[in-house]
Amino acid sequence: MKYVDDFRRRDLARALAQTIAREIRPDRIYQLMEFCGGHTHAIFRYGIQNFMPSNVQLIHGPGCPVCVLPMGRIDNAIELARDHKVILCSYGDVLRVPASGRKSLLQARAEGADVRLVYSTLDALKIARENPQRTVVFFAIGFETTTPPTAVAIEQARKENLTNFSVFCNHVLTPPAIHHILETPQVENESKPVNIDGFLGPSHVSSIIGTRPYEFIAEQYHKPVVIAGFEPLDVMYSTLMLVRQINEGRCAIENEYTRVVSSEGNRKAQNRVAEVMELRLEFEWRGLGIVPNSALQIKSAYAEFDAEKRFNLPAVRSSDIKGCACSSILRGVKKPTDCKLFGIVCNPENPMGSCMVSSEGACAAYWSYGRFRQSQVPRSSVT
Amino acid sequence: MSTDSGRFPLRLNIPGAVVEMRHGSGGRSMSQLIEEIFLKHFDNELLRAANDQAAFNVSTGRMVMSTDGYVISPLFFPGGDIGSLSVHGTINDVAMSGARPLYLSAGFILEEGFPMADLEKIVISMAHAAHDASVPIVTGDTKVVNRGKGDGVFITTTGIGIVPHNVMISSEQAQPGDAILVSGTIGDHGIAIMANRENLDFETTIKSDSAALHTLVADMVTAAPAIHCLRDPTRGGLATVLNELAYQSHVGMKLDEQMIPVKPAVQALCELLGLDPLYVACEGRLVCICAQQDASRILEAMRAHPLGSEAAIIGEVIEDTHGFVQMETCFGGNRVVDWLAGEPLPRIC
């Protein structure tokens, strides 16, 4: 624990906070988007906002893999488990996400479906080996970080001739989502767009893809990016690096998380993914809508391991719930507390929109970690 | 009931036998199971009377009663098993009123096919736990359900106890200014269980903290009878217990994360799994809320007891009509420590 404790030291946090306060220009606002849910979680978990001057505003982006998974894909997963009677395996917090009809995989399990929580794709392969008479589907979700283990599982399944194993692939890509937010900063009929001054770039995702794929953000959109680690001091120091770039009028891709991330990324992992998967022309993101070239699918050479093809899964288009402000919150146009549903009908026990679904979502973090801020300004909707 | 070797010509073949439906049918087989497993190990005068109830005299005063069901998986884990847990847990629920626990009852729901040897192991563990705590199991019940209708064994225990005259502990009594104490490191039990679930191949030395806390409570009550609230943080962990107390007392709480004791191994596993130790279960810890002027005396009494050696003052009760539990994080920021939402599930990345 010593290793992480060093990145949580409060004396260093205070010193960094003083430096940030000294260096910011009081005459402007710094609107910085942390793309990743991991950062959002750290910001609220450690109370990082307490250290930030009021004109440094953190916008919580869509980088929470559970949050952005559209409901239609969970409908598909429930269909696999319930109607096709497969053993459906997936990672922890995806199991409680409500699909259409408010039903989650956990509820499907309570009704008799065989839904199992796994900690890695190796567990899913093991289940397939141990249950040769059953069909096993791994419900694969996540950004570039969780994609290589899925690719390796597919290759391994072919090697072992595990014909009862397949993958329902929902892996999504970070750079196209950032591109989409920069291209469509405004939601229809909503208030005016927010100008994002810079990005705190993903940490785990970047360990796989490296820093290069973000270069378009600086080149095309003239926004600075700092790849930031997930520990609280990483977040604070990266914020300082962004403030400095903005003050100096620079827009470069800088890397704070050098202890893990290189410019090239993890080539071996990239190759494994490239062997098994290819780009999807478009994919629906909960809260963002259809985003072109933003997800991966399994190549036809591995079609027998593609659950979508194997079970001929229908494309289910789901619309977000009426009144839900997630699409504006993900773009920084609104705060969770601006949403009419927040805290009234939408809370972590009963999430209505993407940002409330996982503890990494902006609304869930506001609700779980930040409610006392609202308690200081009484509001009838917050109880 | 004395052991009558003539009634059962063959003794139970415990190493090879499994629980069968006949063991719950009320006939000779059930009688033999009771005699050769339950009575043999729980042995005490009240149980030996073999009535449908246990009869005993009580002194005048306030009595408390509590019941709890135990459905844990895995049944055996480092630091205990479902048997010891079912004794400790109910003793603790009784003791959180400040009471001295007197007697326990135990109800077993056994699944057809459950190995008799495992049942005996569990019963022996319960007998040891009850003996060590000096709280005998004086009445019980056994049912057998069809294979597939249970998960091996479910145990329900009920306890009664008697509260000393000058003690009045209740969860709506926390007052602004009160001190919040915890008796030791949090999350040990939950992490020990999680690390031993079959699909998690972690090798850890973490043991469940499962323990009977009534002697610790007795020492605390002796040191300062005017304790306001006591509660043991089981499911939902410390965070849930503090939210319950804040809600019931209509107060807020302010914690200092640096003061909350967590074992490094528990912290490390929580980091790996994306869990927060504040929400992970304990089975041998308690939270105490008392007036500020009693806090150091109670802390001293706790630390002098083997089950409270790592006790700490972790925060204070504040005025807050919202009933929020707030915390200054180890990092120096502030956050709310909310109720647990749903089941704690590992995060993806």
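Residues numbered from 1 in each chain as written. Chains lettered and ligands numbered in written order. Predicted model: local features only at pLDDT ≥ 70, side-chain atom pairs only at ≥ 80, totals over all residues.

Notes on the overall build of chain A
So the rule is basically this: Helix and strand labels come from DSSP, where a helix needs a run of H or I of at least four residues and a strand needs a run of E of at least two; each type is numbered from the N terminus. With C-beta atoms placed from the backbone, a residue counts as buried when 20 or more other C-beta atoms lie within 10 Å of its own, as exposed when 12 or fewer do, and as partly exposed for counts between those limits. Contact criterion: two residues are in contact if their C-beta atoms, reconstructed from the backbone, are within 7 Å.
Counting its regular elements, chain A contains 16 helices and 11 strands. If you line up chain A on its principal axes, its C-alpha atoms span 65 × 50 × 45 Å. Residues classed as buried in chain A amount to 54% of the 383 residues present. Long-range pairs, those at least 24 residues apart, make up 75% of the contacts in chain A with a sequence separation of at least 6.

Quick word on the overall build of chain B
Spelled out, the test is: We take the radius of gyration over the C-alpha atoms and set the globule estimate at 2.2 Å times the residue count to the 0.38 power.
Check the secondary structure of chain B and you find 9 helices and 13 strands. Taken over C-alpha atoms, the radius of gyration comes to 22 Å for chain B, in line with the 20 Å a tight globule of 349 residues would show. In terms of overall dimensions, chain B has C-alpha extents of about 70 × 55 × 35 Å along its principal axes. Evaluated residue by residue, chain B yields a buried proportion of 49% over its 349 residues. Of all intrachain contacts in chain B linking residues separated by at least 6 positions in sequence, the fraction that spans at least 24 positions is 86%.

Comments concerning the packing of helix α3 (residues 82-95) of chain B against helix α4 (residues 116-133) of chain B
All names here are of chain B. The test is simple: For every element, the axis is a line fit to its C-alpha atoms; helices are fit only across the contacting stretch, and the angle between N-to-C directions ranges from 0 to 180 degrees. Left-handed describes a crossing in which the near helix is turned anticlockwise from the far one by less than a right angle; the clockwise case is right-handed. All amino acids are sorted into three groups, where Ala, Val, Leu, Ile, Met, Phe, Trp, Tyr, Cys and Pro are nonpolar, Asp, Glu, Lys and Arg are charged, and the leftover types, Gly among them, are polar.
For the pair α3 and α4, the least separation of the axes is 6 Å and the interaxial angle reads 35°. By crossing handedness, the relation of α3 to α4 is classed as right-handed. Across the interface between the two elements, Ile82, Gly83, Ser84, Ser86, Val87, His88 and Ile91 of α3 pack against Ile122, Val123, Ser125, Met126, Ala129, Ala130 and Ala133 of α4. The class makeup of the residues in the contact of α3 with α4 is 9 nonpolar, 5 polar and no charged.

A word on the pairing of strand β11 (residues 312-318) of chain B
So the rule is basically this: One requirement defines pairing of two strands: DSSP has to find at least two bridges between them.
The sheet contact formed by strand β7 (residues 179-182) of chain B and β11(B) spans 4 bridges and is antiparallel. When the sheet's bridge partners are listed, B:Ala179 is paired in β11(B) with B:Glu316.

Observations concerning the packing of helix α8 (residues 147-160) of chain A against helix α13 (residues 267-276) of chain A
Residue and element names in this part refer to chain A. Formally: An angle below 35 degrees is read as roughly parallel, one above 145 as roughly antiparallel, one from 65 to 115 as roughly perpendicular, and any other as oblique.
α13 packs onto α8 with a crossing angle of 55° between their chain directions and a minimal axis gap of 8 Å. Classified by the angle their axes make, α8 and α13 are oblique. For the element pair α8 and α13, the recorded crossing hand is left-handed. Residues Thr147, Pro148, Ala151, Val152, Ile154 and Glu155 of α8 form the contact with α13, whose own contacting residues are Ala269, Arg272, Val273, Glu275 and Val276. In the contact of α8 with α13, the residues fall into 7 nonpolar, 1 polar and 3 charged.

As for the domain arrangement of chain B
Residue and element names in this part refer to chain B. Stated formally: Segmentation of the chain into domains, including their bounds, is taken from an automatic or database domain assignment.
If you check the domain split of chain B, you get domain 1 (21-163) and domain 2 (179-336). The C-alpha-based centres of domain 1 and domain 2 are spaced at 27 Å. Listed per partner, the contact involves 19 residues of domain 1 and 24 residues of domain 2. Listing elements by their share of the side of domain 1 that touches domain 2, those giving two or more residues are α3, β4 (100-111) and α4.

Some remarks on α8(A)
All names here are of chain A. Under the convention used in this document: Multiplying 1.5 Å by the residue count of a helix minus one yields the expected span of that helix.
In this model α8 runs 20 Å from its N-terminal to its C-terminal C-alpha over 14 residues, within 8% of the 20 Å that 1.5 Å per residue would give. Turning to α8, its buried residues number three or more, namely Thr147, Pro148, Thr150, Ala151, Ala153, Ile154 and Ala157. In the stretch just after α8, Asn161 is the one whose phi turns positive, near 55°.

Concerning the domain arrangement of chain A
Residue and element names in this part refer to chain A. Per the domain assignment, the segments making up chain A are domain 1 (1-315) and domain 2 (326-376). Listed by partner, the interface residues are 30 residues for domain 1 and 20 residues for domain 2. Elements with a minimum of two residues in the side of domain 1 that touches domain 2: β1 (30-36), α3 (37-45), β2 (56-63) and α4 (65-68). No other element matches the 6 residues that α3 contributes to the side of domain 1 that touches domain 2. Residues of the side of domain 1 that touches domain 2, tallied by class, amount to 17 nonpolar, 9 polar and 4 charged.

Some words on the sheet that holds strand β10 (residues 287-290) of chain B
Residue and element names in this part refer to chain B. Sheet architecture is open: 7 strands sit in the order β8-β10-β7-β11-β9-β12-β13, paired in mixed fashion. For this open sheet the edge positions go to β8 (229-231) and β13 (334-336), each flanked by a neighbour on one side alone. Pairwise comparison of adjacent strand axes, ignoring direction, gives a mean angle of 25° for this sheet.

Section: the environment of A:Pro292
Within the element layout of this structure, A:Pro292 appears in strand β11 (residues 289-298). Other than its neighbours up to four places away in sequence, A:Pro292 contacts A:Pro176, A:Leu281 and A:Glu282.

Observations regarding the interface of chain A and chain B
Each partner contributes to the interface: chain A provides 39 residues, whereas chain B provides 25 residues. Taken together, the elements giving at least two residues each to the side of chain A that touches chain B come down to α2 (10-23), α3, α4 and α16 (362-376) of chain A. Residues of the side of chain A that touches chain B, tallied by class, amount to 17 nonpolar, 12 polar and 10 charged.

Quick word on the sheet that holds strand β9 (residues 253-255) of chain A
Residue and element names in this part refer to chain A. Within the open sheet, the 5 strands sit side by side as β2-β1-β7-β8-β9. Their pairing is parallel. Only two strands of the sheet have a single partner each, and these edge strands are β2 and β9. Recorded for the sheet is a direction-independent mean angle of 25° between the axes of neighbouring strands. With 3 bridges joining them, β1 and strand β7 (residues 198-201) adopt parallel strand pairing. The residue of β7 that forms the bridge with Glu34 is Leu200. The strands touched by helix α12 (residues 232-247) within the sheet are β1, β2, β7, β8 (225-227) and β9, with β7 carrying the most contacts at an inclination of about 150°.

Notes on α4(B)
An α-helical turn contains 3.6 residues, so a residue and the one three or four places further along point in the same direction. Relative to the 26 Å expected for 18 residues at 1.5 Å per residue, α4(B) spans 26 Å between its end C-alpha atoms, a close match to the ideal helical length. Along α4(B), the residues classified as buried are B:Met116, B:Leu119, B:Ile122, B:Val123, B:Ser125, B:Met126, B:Ala127, B:Ala129, B:Ala130 and B:Ala133.

A word on the pairing of strand β9 (residues 252-256) of chain B
Residue and element names in this part refer to chain B. As defined by bridge partners, β9 adjoins β11 across 4 bridges and the pair is classed as antiparallel. By the bridge assignment for β11, Leu255 is matched with Gly315. Both β9 and strand β12 (residues 325-328) contribute to a ladder of 4 bridges, which runs parallel. The residue bridging Lys254 from the neighbouring strand is Gln326, located in β12.

Details of the environment of B:Thr142
Residue and element names in this part refer to chain B. Residue position: Thr142 is located in strand β5 (residues 137-145). Taking the number of C-beta atoms within 10 Å as the measure of exposure, Thr142 has 19 and is therefore partly exposed. Put simply, Thr142 and Phe108 are 34 residues apart on the chain and 4.7 Å apart in space, counted from C-alpha to C-alpha. Setting aside anything within four residues of it in sequence, one finds Thr142 in contact with Gly24, Met30, Leu33, Ile34, Phe108 and Leu110.

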